[in-house]
Amino acid sequence: MDWQLFGLSFITVFLAEVGDKSQLAAIALGGSSKSPRAVFFGSITALILASFLGVIAGGTIAQFLPTKLLKAMAAIGFAVMALRLLWPEFDDDEKG
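The name given to the protein in an unreviewed UniProt entry is GDT1 family protein, with Crocosphaera watsonii WH 8501 as the source organism. What UniProt records for the protein under Subcellular location (unreviewed entry) is the sentence "Membrane". Turning to the protein, the UniProt annotation filed under Sequence similarities (unreviewed entry) states: "Belongs to the GDT1 family."

Moving on: a nonpolar patch on the surface. Taken together, the side chains of M1, W3, F6, F10, I11, F14, L15 and V18 make up a nonpolar region of the molecular surface, amounting to roughly 970 Å² of accessible area. With respect to the element layout, L15 can be found in helix α1 (residues 3-17).

All right, on to the packing of aromatic side chains then. The tally for this structure, following the rule as stated, stands at 3 aromatic pairs. Ring geometry for F10 versus F14: centroids 5.8 Å apart, planes at 15°, classification stacked. Of this pair, F10 and F14 both sit in helix α1, separated by 4 residues, roughly a single helical turn. Among the residues examined, F10 registers a relative accessible area of 52% and is labelled exposed. Its relative accessible area of 47% is what places F14 among the partly exposed residues. Centroid distance F40 to F41: 5.2 Å. Interplanar angle 70°. Geometry classified as edge-to-face. Residue classification places F40 among the partly exposed residues on the basis of a relative accessible area of 47%.

What counts and what doesn't
- Residues numbered from 1 in each chain as written.
- Predicted model: local features only at pLDDT ≥ 70, side-chain atom pairs only at ≥ 80, totals over all residues.
- Heavy atoms only, no water.
- UniProt positions renumbered as here; feature names shortened; annotations may be inferred.
- Patch = residues over 30% accessible without salt bridge, like charges linked within 9 Å, V, L, I, M, F, W, Y side chains within 5 Å.
- Areas by Shrake-Rupley, 256 points an atom, 1.4 Å probe, with all protein chains shown as cover.
- Salt bridge = Lys/Arg side-chain N within 4 Å of Asp/Glu carboxyl O.
- Helix = DSSP H or I, 4+ residues; strand = E, 2+ residues; numbered from the N terminus.
- Phe/Tyr/Trp six-rings, centres within 6.5 Å; stacked < 30°, edge-to-face > 60°.
- Buried < 20%, exposed > 50% of the residue type's maximum accessible area, 1.4 Å probe, protein only.

See below:
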């Protein structure tokens, strides 16, 4: 196993997940339920499954597209999301 890649993946996902809406949902469910253990295991299972699907999809797509193109697509996708967060009025114009 590539322990450096493992550590990088762990740190990246951990920092990305801290404070996101899934963590807030887990906090709300854990605080309002009588079985926080069930919320914990449900949340863990969901994160593992989502990560598994992402890794499988990424590995499959990487077989057909060059790495440079994949990185460019990811960069453009993140840039579009950032712009939509910074200027949400563009979304309102299209809907209304």
